[in-house]
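Here's the letter readout for the chains.
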Amino acid sequence: QVQLVESGGGLVQPGGSLRLSCAASGSIFSLGTMGWYRQAPGTQRELVTRITSGGSINYADSVKGRFDISRDNAKNSVYLQMNSLNVEDTAVYYCYAQVRRTSLGPVRDYWGQGTQVTVSS
C-alpha cells in the first residue's frame, strides 16, 4: 500500500503565498517523477508542475516565475511553493508520484486526496 498525504492548502489573499507539501509512505522501492495537478470547479485536471527523480522540472505556462517545485528524496516528499497567487489559482491541488514498489515491479501512478487552495480577498 502506498499513500500520498498533502498539506498546506488554505485561504490566501491575492498576491499572497502558500507552500504545499506531499509525503509518500508505504511500500516504496523507488520514486520517479513527482508533481502537482490542479482542478478548478467545472474544469479538467491540469498539470501544474512536475519534477523527475533527476531533478528536471516542467511548469505550466500559467505558473512559470511564480511557483517553485522541489523534492526531498530522503523524505519521499515533494513541495510546491506558490507565490503571487491570483484568483485563477483557486483549485484543488493534487500531488502525484510514479512509484515502483519492488525492484522488478511496474511503475504506477499514485495520487493524494487533494488539498483546497482558495485565493480571495
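See the structure printed just above.
Residues numbered from 1 in each chain as written. Predicted model: local features only at pLDDT ≥ 70, side-chain atom pairs only at ≥ 80, totals over all residues. Heavy atoms only, no water.

Asks: I would appreciate a short explanation of unusual backbone geometry in the present structure.
Replies: Note on backbone geometry: most residues besides glycine have negative phi, and most peptide bonds are trans. Despite not being glycine, Asn76 shows a phi value in the positive range, around 50 degrees. One can find Asn76 in the loop between strand S7 (67-72) and strand S8 (77-82). For Asn76, a relative accessible area of 24% puts it in the partly exposed group. Positive phi is not limited to glycine here, since Ser84 has a value of about 50 degrees. Tracing the backbone shows Ser84 in the loop between S8 and strand S9 (91-100). (Helix = DSSP H or I, 4+ residues; strand = E, 2+ residues; numbered from the N terminus. Buried < 20%, exposed > 50% of the residue type's maximum accessible area, 1.4 Å probe, protein only.)

Asks: Please clarify how the sheet that holds strand S3 (residues 18-26) should be interpreted in this entry.
Replies: Backbone-to-backbone hydrogen bonds pair the strands of a sheet. The strands run either parallel or antiparallel. The strand order S1-S3-S8-S7 describes an open sheet built from four strands, whose pairing is antiparallel. Strands at the two margins of the open sheet, each flanked by one partner only, are strand S1 (2-7) and S7. Averaged over all pairs of adjacent strands, the angle between strand axes in this sheet comes to 15 degrees, irrespective of strand direction. Where S7 meets S8, six bridges bridge the pair, whose relative direction is antiparallel. Counted as the bridge partner of Ser70 is Tyr79 from S8. (Pairing = 2+ DSSP bridges. Axes fitted to C-alpha atoms, helices over the stretch in contact; angles between N-to-C directions.)

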